[in-house]
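# Analysis of the macromolecular model
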Amino acid sequence: MSACGCDSVKGHLTPYREALENLLNAVVPERQTETVALADALDRVLAVPLISTVDVPPADNSAMDGYAVNSADVSYSGEIRLPVSQRIPAGEVGSPLQRGSAARIFTGAPIPENADVVIMQEHVHVDDGAIVFDGPYAPNTNVRFAAEDIAKGAQILEAGTRLRAQELGVAASIGYSRLEVFKRVKAGVFFTGDELIEPGQALGPGQIYDSNRYTIVGLLKSLGCEIIDLGIVGDTFDATCQALEEVSAKADLVITSGGVSVGEEDYIRAAVEALGTLDMWRVKIKPGKPLAFGQVNGTPFLGLPGNPAAVFVTFCLFVSPYIKCMQGIRNPVATSIPVKADFKWTAGKRREFVRARLTQDADGQTVAQIYHHQGSGVLASTSWSDGLIMIPEGVSVEPGERVDYTAFSSLLA
Ligand code: AMP
Ligand code: MG
């Protein structure tokens, strides 16, 4: 990691992987935990492994509405007739099956002792208290076995798992009503720029709406963070220092947008250096070259660029893995997949993160298309797309070639 400013003075650009490694090496993970109700655990991160204390399902049960029989009674081909000797709805336990008879049974009901086959009701006709159907049937047909989903004593989820709806369902299926999760990361944010106003007001000359606030706060919420939002902060040294002081005292992590360039109206750098320490990297990526990282009053600080598309991309590439590491997520870096390019790309000097989406070509093959304008200020590109295609520096792409695609859902979950 270089001292502040040196990189930019020399014009050296830090490669993407190195910048990410620098950043993730500095993370201090959240270790404090709390216990929350299952219904409140969505998007939180599990702090301890989840072990099942029960079998799911608890007993062998029927996969169909039909008739439970013994396989030895139905092992021959041709028409078979068996009297119906009992009725077992879901939620009840039948008595042992009398050999040579069938038990009326419903989906999810426990298979009675002596039975090991369920014949679908669509495959029988009922005649005078008996069922008539064609054999043969093999043992275990239409039977769901005890513990085939989850066995008692098995570890179902690892510590460091983000709890999605399906994890909450799994936890419920083994009877957990509360889960131990890591405490939420408190992210403090503000957005620099004298030109910024809130949506809902009329634009004056030279003004633009603050979009970064809604992008960044939305992304932080979807990562399960608690947010301290100071809103727009003007382009002065004093206002920037005051905002940094206030937010760093309350938050676990400070994130800002704008003001990290070297212009006369960019105060982030000077303010962070006055109150803490700063490492500035010019990262060899496009969009999003300037990235500031440091600490203010001991609280980690991440300064994003001002350009809205660059904000979104650098959040995906750096802020999201940083926060996932803080949250104790096991695999904080997203995985990419190879896809076929449905576009042409001319090699650039920096690694490009191109806003793209997957679609199907005329042959039904999955291909990646890219937004027509990849400017760092073109925020519409982020909404049009579903992910990023990474094109290394110096690489051109012809239609039909393979490229690396990473879905936003993987970058941001
Ligand atoms: P800066 O890095 O502060 O020079 O900002 C770079 C560009 O991003 C300028 O065109 C700014 O107007 C724009 N910008 C900065 N902050 C925001 C924001 N919060 N919302 C929308 N655009 C912004
Ligand atoms: Mg600015």
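As the structure is a computational prediction, the values presented were derived from the model and not from experiment.

### Overview of the overall build of the protein
In terms of helices and strands, the protein carries nine helices and 26 strands. Projected onto its principal axes, the C-alpha positions of the protein cover 95 × 50 × 45 Å. With 413 residues in all, the protein has 47% of them scored as buried. Across the protein, contacts joining residues at least 24 apart in sequence account for 72% of those joining residues at least 6 apart.

### Comments concerning the environment of Q86
Mapped onto the elements of the fold, Q86 is located in strand β5 (residues 78-88). You can call Q86 buried: its relative accessible area is 15%. Placed 16 residues apart in sequence, Q86 and A102 show a C-alpha to C-alpha distance of 7.5 Å. Those residues in contact with Q86 that sit more than four places away from it in its chain are G94, S95, P96, L97, A102, A103, R104 and P112.

### A closer look at helix α7 (residues 308-326)
The largest bend in α7 comes to about 45 degrees, at F315. Where burial is concerned, most of α7 is hidden: 19 out of the 19 residues are buried. G328 occupies a position one or two residues after α7 and carries a positive phi of about 85 degrees.

### Concerning the pairing of strand β4 (residues 66-69)
Sheet analysis places β4 next to strand β6 (residues 102-105), joined by three bridges and oriented antiparallel. Bridge assignment links Y67 to a residue of β6, and that residue is R104. Relative to strand β7 (residues 117-120), β4 runs antiparallel, the two being bridged by four bridges. If you follow V69 over to β7, its bridge partner there is V117.

### Observations regarding the packing of aromatic side chains
Enumeration over the complete set of coordinates arrives at six aromatic pairs. Taking the centre distance of 5.0 Å and the plane angle of 85 degrees together, the rings of F312 and F408 count as edge-to-face. Residue F312 is located in helix α7, and its partner F408 is located in helix α9 (residues 408-411); the two are separated by 96 residues in the primary sequence. The exposure classification of F312 matches that of F408, with both residues buried. Through successive ring pairs, a cluster of aromatic residues spans Y16, F318 and F353.

### A few points about the site of ligand 1
The full set close to ligand 1 counts 16 residues, and E195, D210, N212, G259 and G306 are the nearest of them. Contact between ligand 1 and N212: a nitrogen atom at 3.3 Å from a side-chain N or O atom of the residue. With respect to ligand 1, the backbone of N307 contributes an N or O atom lying 3.2 Å from an oxygen atom. Notes on ligand 1: free accessible area 490 Å², of which the protein chains cover 77%. Among the residues forming the shell around ligand 1, the class breakdown is four nonpolar, nine polar and three charged.

### Some details on the pattern of salt bridges
A full pass over the atoms with the stated rule returns eleven salt bridges. Here R99 ties to D73 by a salt bridge, and the two come within 3.0 Å at their closest N and O atoms. Here D73 lies in the loop between β4 and β5 and R99 lies in the loop between β5 and β6, a separation of 26 residues in the sequence. For D73, a relative accessible area of 14% gives the class buried. We note a salt bridge from K340 to D361, for which the minimum N-O separation is 3.8 Å. On the criterion of sequence distance, the pair formed by K340 in strand β22 (residues 337-341) and D361 in the loop between β23 (351-360) and β24 (366-370) is long-range, its members being 21 residues apart. D361 gets classed as partly exposed once you look at its relative accessible area, which sits at 22%. What emerges from the salt-bridge pattern is a single network uniting E198, R213 and D229.

### Some remarks on the packing of helix α5 (residues 237-250) against helix α6 (residues 268-275)
As a packed pair, α5 and α6 sit with axes 9 Å apart at the nearest point and diverge in direction by 55 degrees. By the angle between their directions, the pair α5 and α6 is classed as oblique. Between α5 and α6 lies a crossing of right-handed hand. Residues F237, T240, C241, L244 and E245 of α5 pack against I268, A270, A271, V272, A274 and L275 of α6.

What counts, and where the lines are drawn
- Residues numbered from 1 in each chain as written.
- Chains lettered and ligands numbered in written order.
- Predicted model: local features only at pLDDT ≥ 70, side-chain atom pairs only at ≥ 80, totals over all residues.
- Heavy atoms only, no water.
- Helix = DSSP H or I, 4+ residues; strand = E, 2+ residues; numbered from the N terminus.
- Buried < 20%, exposed > 50% of the residue type's maximum accessible area, 1.4 Å probe, protein only.
- Contact = heavy atoms within 4.5 Å.
- Bend = angle between axes of the 7 residues up to and from the residue.
- Pairing = 2+ DSSP bridges.
- Phe/Tyr/Trp six-rings, centres within 6.5 Å; stacked < 30°, edge-to-face > 60°.
- Near = heavy atom within 4 Å.
- Polar contact = N/O pair within 3.5 Å; in protein donor to acceptor, adjacent residues only side chain to side chain.
- Areas by Shrake-Rupley, 256 points an atom, 1.4 Å probe, with all protein chains shown as cover.
- Nonpolar A, V, L, I, M, F, W, Y, C, P; charged D, E, K, R; others polar.
- Salt bridge = Lys/Arg side-chain N within 4 Å of Asp/Glu carboxyl O.
- Axes fitted to C-alpha atoms, helices over the stretch in contact; angles between N-to-C directions.
- Parallel < 35°, antiparallel > 145°, perpendicular 65-115°, else oblique.
- Left-handed = near helix turned anticlockwise from the far one by under 90°.

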